[in-house]
Amino acid sequence: MLSFVKRCLGVAVAAGTLAVGAGGALAQQKEIVFGLQCDRTGPTATVGTVLCPGYHDYIDLVNSKGGVEGYKIKVIEVDNEYKVPPAMEAHERFKKEGAVLEGLYGTPQTQALAKKLEEDKILGTSPGFGTAVAADGKRYPYIFPIAASYWSQAGAAIEFVKERLGTLKGKKIAYLFYDNPAGKEPLPILEDLSKSEGFELRTFAVPAPGVEMGAQVLDITSRYRPDFVVTHLFGRSPSVSIKELKGKGFPLSKVVAFVWGSAEADIIAAGGYGMAEGYSTLQFAGVGKDFPVIKDIAAMYKAQGKSTPKEMDSTVYYNRGVMTAAVHVEALRNAIKAKGGGVPTSEEVKNGMEHIKDFSLGGLVPPLTLTATDHEGGGWCEVWTVKGGKLVKTKDWFQGYRPLVEKQIQADASKS
Amino acid sequence: MFHREAGVFKTTYATDMALYPLPVAKWTVAALLVLFVVIVPFTFQEYYLSILNLILIAIVGALGLNILVGYTGQISLGHGAFMSVGAYTAANLAVRLGLPFWLTLPAGGLMAALIGVVVGMPSLRIKGLYLAIATLAGQLIIEWTINHVPAISGGAQASIEVPRPHLFGLVINSQGRLYFFLLFFAVLAIVATLNLVRSRIGRAFVAVRDQDIAAEIIGIDIYRYKLLSFAISSFYAGVCGVLYTYYFGIANYEQFQLIVSIDYLAMIIIGGLGSVLGAIFGAIFVTLLPIVLRLLLENVGSLIFSDSELANVISGTRLAVFGALIIFFLVVEPEGLNRLWRNIRNYFRVWPFSY
């Protein structure tokens, strides 16, 4: 026993000296710090445990290829457990370590940090989180949604419905949503569209935690009998909605979900691909493994003699992590180039972010163009549908009712 | 707190109730004040100040809950909702009427107290688990109301951005300035609670907790004191919510959901029910432990795991260790960290001549 302890101590001391040595060596190398907030243990852990490995893998890939313009990237990850106070602690930690940008996680967290990020002049990205009005770069200079907001998704969903039904005039659309601020956010867009396109809209709220919606679905399928159902649910509730709608005999080909109702895990939890056949979802990042960057990551693992991680199979969330990381790296690259190879400040990285132009990462990312005024990047979506045991792309990158969404953003900005 | 006494024999009630049991206690308090007002803010980095700020806010909330649960013996699962009442009251006043923080802060507290009395009404008839469920209903009703009444929530997003507080032309925005801002209110809350619990009201609370029928027989109006306890506790919660609002610059009810009520209950149970120091210990423990565990695991874990693996290991391990430590401390001392601290102190009081 004693000898075992001694051996352990020996290993620890050796490892410690190695680590100190390695630390010294690293300090000489050019290194830039990114902060990443994540939720691996909170209520949205099913997302975080897949999304964040995607982020790390992309950064590892960039580092293994020599980094960005000669700089290695170091990611500091903090698990905020979807709570707000730890998110503030995480931000201060990133600031202390000299992070040039932050990946935010969670809608309340994004909102709570908006002011602090502006004061500290560090940009934060919030793909799929935060508020739709954060797309306005003038109003929230340091918040970058970098992906379709719920307003853009509402426009895209209705555009998809219109394509499926031919016309919207006189049709009935049911909106089944999670009863929280994020769930209610698309309502103004949907109401505007119902007036201008002449369809009837009825809303059905699902109270938290969203696993009980039998009454609402029965109301939809038996009483209201809509031509199409748009769902906007989170967590466990998307799988429940698939099961309930299917169980009550509603054709899933007449359902389209927002971006958080769409992962492989949701479909499996609902009873598998056979059960969910025909179910369509919006996406703000590509789905599947058929992208050069995903193949590069797999090749990187192979070169290291490791098998690819299981998270890679949950391509919906994994690819979103890759997308976030890729946009971060692109912003950094722009900033370094603009400075002629020097170490950029957080302010300069923000400037680099605002100069991302037609960035597509082999189709994984929409043709993303960020400017000083548009931090959302155009609000592009794809539609993927469950077909024959897998997710199939049914509609390529498109913007739904963009002028209306832009008008709404401006109207909100002038209100306050 | 940190001193040893000898030959102290209290002969009157006045000396027994004194805030400073010994002259030396004044010096301890003075030393603590110097430490936290002069030394800490000028030597700590901004990051550590930000952690201290979170602890200071948590102390205010934990003290309030401890008055209700620890001193009066009424359980509440609605503490988070009372915070949101305070937060939205202050945010609406600050944005719509442009009032300064020294008006919105007490207003938020008073509104929370008012709602707290209403939610506390069932305590007049029911106790224990039943009261827990009644207050849980209060929490959910308040959440729902804020979510669905735009007049309160300020729109579909249910969040109101609040300008940074001003004082004498100074904008309180950096962590350093916020530290002084929050320290002032935390100290105020601590002093107020210390005085409350040794007053007539505090003693009535304890009497109600220990045996409400006996309390009634000796002439304590238990209905009045139960509601008063709810009011005072909710006032603290409301102030805590306002402090959160000014700290983050936004009022958002999603910050104050049920899990927050449970976190605060955990704080006072770990710290020690029915003691001011216990609430402070609990607030420090629950806020600091996850952070310390993560820093520890980051440094130790990097010897074994690669960076990307480490992230997953840290989160899981941290949660498990956090839970295990709570169980460990409660098994070692069911009365919480405060009792543990007193045991240690009592041991050293007679050291090295303990029998």
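No experiment lies behind these values; they were computed from the predicted model shown. (Residues numbered from 1 in each chain as written. Chains lettered and ligands numbered in written order. Predicted model: local features only at pLDDT ≥ 70, side-chain atom pairs only at ≥ 80, totals over all residues. Heavy atoms only, no water.)

Let's talk about the pairing of strand S10 (residues 280–283) of chain A
Residue and element names in this part refer to chain A.
Item 1. Residues Ser 280 and Leu 282 line one face of S10 and the alternating positions Thr 281 and Gln 283 line the opposite face, and both faces are buried.
Item 2. For strand S9 (residues 255–257) and S10, the ladder comprises two bridges, and the chain directions are parallel. Residue pairing in the sheet places Val 256 in a bridge with Ser 280 of S10.
Item 3. Between the parallel elements S9 and S10, the chain passes through helix H10 (residues 264–269) in a crossover that is right-handed.
Item 4. Relative to strand S11 (residues 381–387), S10 runs antiparallel, the two being bridged by four bridges. Looking across to S11, one finds that Gln 283 is bridged to Glu 382. (Buried < 20%, exposed > 50% of the residue type's maximum accessible area, 1.4 Å probe, protein only. Helix = DSSP H or I, 4+ residues; strand = E, 2+ residues; numbered from the N terminus. Pairing = 2+ DSSP bridges. Right-handed = clockwise from strand over helix to strand, strands pointing away.)

Re the packing of aromatic side chains
Item 1. On inspection of all chains with the given rule, the structure shows 28 aromatic pairs over all chains.
Item 2. Here the aromatic rings of B:Tyr179 and B:Phe180 are separated by 5.7 Å at their centres, their planes lie at 70 degrees, and the arrangement is edge-to-face.
Item 3. By relative accessible area, which is 1% here, B:Tyr179 ends up buried.
Item 4. Three or more aromatic residues joined by ring pairs make a cluster, and in this case those are A:Tyr82, A:Tyr105, A:Phe129, A:Trp260, A:Phe284 and A:Tyr317.
Item 5. Looking at A:Arg320, its charged tip hangs above the ring of A:Phe284, at a distance of 4.5 Å from the centre. (Phe/Tyr/Trp six-rings, centres within 6.5 Å; stacked < 30°, edge-to-face > 60°. Lys NZ or Arg CZ within 6 Å of the ring centre and 35° of its normal.)

Structural notes on the sheet that holds S9(A)
All names here are of chain A.
Item 1. Taken together, seven strands build an open sheet; the order of strands is S7-S6-S8-S9-S10-S11-S12 and the sheet is mixed. Of all the strands in the sheet, the pair left with one neighbour each is strand S7 (200–206) and strand S12 (390–398). Across the sheet, the mean angle separating the axes of adjacent strands is 25 degrees when strand polarity is ignored.
Item 2. The pairing of S11 with S12 spans six bridges and is antiparallel. For Thr 385, the partnering residue across the bridge sits in S12 and is Val 392.
Item 3. Packing of helix H5 (residues 150–165) onto the sheet brings it into contact with strand S6 (172–178), strand S8 (228–232), S9, S10, S11 and S12, and relative to S8 it is tilted by some 160 degrees.
Item 4. Packed onto the sheet, helix H8 (residues 214–224) meets S6, S7 and S8 and runs at close to 155 degrees relative to S7. (Axes fitted to C-alpha atoms, helices over the stretch in contact; angles between N-to-C directions. Contact = heavy atoms within 4.5 Å.)

What about the interface of chain B and chain A?
Item 1. Contacts between the two partners involve 44 residues from chain B, matched on the other side by 34 residues from chain A.
Item 2. Contact between chain B and chain A buries roughly 3500 Å² in total, counting both sides, with carbon and sulfur atoms accounting for 50%.
Item 3. Of all residues in chain B, the largest losses of buried area upon contact with chain A belong to B:Tyr47, B:Gln157 and B:Phe248, amounting jointly to 17% of the total for that side.
Item 4. The interface formed by chain B and chain A holds seven salt bridges in total.
Item 5. Applying the counting criterion to the chain B and chain A interface returns 18 residue pairs in polar contact (both at pLDDT 80 or more).
Item 6. Elements represented by at least two residues in the side of chain B that touches chain A include exactly helix H3 (46–71), helix H6 (128–148), strand S1 (159–161), helix H11 (222–248), strand S4 (250–252), helix H12 (258–271), helix H13 (276–301) and helix H14 (307–332) of chain B. (Buried area = accessible area lost by both parts, 1.4 Å probe. Salt bridge = Lys/Arg side-chain N within 4 Å of Asp/Glu carboxyl O. Polar contact = N/O pair within 3.5 Å; in protein donor to acceptor, adjacent residues only side chain to side chain.)

Some details on the pattern of salt bridges
When the charged atoms of two side chains lie near each other, side chains of opposite charge can form a pair.
Item 1. With the rule as written, the count across this model stands at 34 salt bridges over all chains.
Item 2. Between B:Arg294 and A:Glu89 there is a salt bridge, with its nearest N and O atoms 3.0 Å apart. Of this pair, B:Arg294 sits in helix H13 while A:Glu89 sits in helix H3 (residues 84–96), on two different chains.
Item 3. Taking the relative accessible area as the measure of exposure, B:Arg294 reaches 2% and is therefore buried.
Item 4. Residue A:Lys95 is joined to A:Asp120 by a salt bridge in which the shortest nitrogen-to-oxygen separation is 3.1 Å. Residue A:Lys95 is found in helix H3, and its partner A:Asp120 is found in helix H4 (residues 107–120); the two are separated by 25 residues along the sequence.

Some thoughts on the confidence of the model for chain B
Item 1. When pLDDT is averaged across chain B, the result is 88; 97% of the residues are at 70 or more.
Item 2. Confidence estimates for the predicted assembly give a pTM of 0.88 and an ipTM of 0.87. (pLDDT = per-residue confidence, 0-100.)

Some remarks on the packing of H3(B) against helix H9 (residues 200–210) of chain B
All names here are of chain B.
Item 1. Where H3 meets H9, the axes come as close as 8 Å, and the angle between the chain directions of the two elements is 45 degrees. As judged from the angle between their axes, H3 and H9 are oblique. Within the contact between the two elements, H3 uses Ile 67, Gly 70 and Tyr 71 and H9 uses Phe 205, Val 206 and Arg 209.
Item 2. Partitioned by chemical class, the residues of the contact of H3 with H9 number four nonpolar, one polar and one charged. (Parallel < 35°, antiparallel > 145°, perpendicular 65-115°, else oblique. Nonpolar A, V, L, I, M, F, W, Y, C, P; charged D, E, K, R; others polar.)

Structural notes on the sheet that holds strand S5 (residues 143–144) of chain A
Residues and elements named next belong to chain A.
Item 1. Strand order in the open sheet formed by five strands is S2-S1-S3-S4-S5, with parallel pairing between adjacent strands. The open sheet is flanked by strand S2 (72–79) and S5, the only strands paired with a single partner.
Item 2. Looking at chain direction, strand S4 (residues 123–125) and S5 are connected through two bridges and run parallel. When the sheet's bridge partners are listed, Gly 124 is paired in S5 with Ile 143.
Item 3. Helix-sheet contacts for helix H12 (residues 315–338) involve strand S1 (31–38), S2, strand S3 (101–103) and S4, and the interaxial angle to S1 is about 150 degrees.
Item 4. Along the sheet, helix H13 (residues 346–353) contacts S3, S4 and S5; its crossing angle with S4, the most-contacted strand, is approximately 45 degrees.

As for the pairing of S2(A)
Residues and elements named next belong to chain A.
Item 1. Most of S2 is tucked away, with six of its eight residues classed as buried.
Item 2. As paired elements, S1 and S2 share eight bridges and run parallel to each other. Bridged to Gly 35 within S2 is Ile 76.
Item 3. Crossover handedness for the path S1 to helix H2 (residues 45–64) to S2: right-handed.

Regarding unusual backbone geometry
Residue and element names in this part refer to chain A.
Item 1. A cis amide bond links Ala 208 with the next residue in sequence, Pro 209, at an omega value of 0 degrees.
Item 2. Within the element layout of this structure, Pro 209 appears in the loop between S7 and H8.
Item 3. Unlike most non-glycine residues, Arg 225 shows phi in positive territory, near 45 degrees.
Item 4. By secondary structure assignment, the location of Arg 225 is in the loop between H8 and S8.

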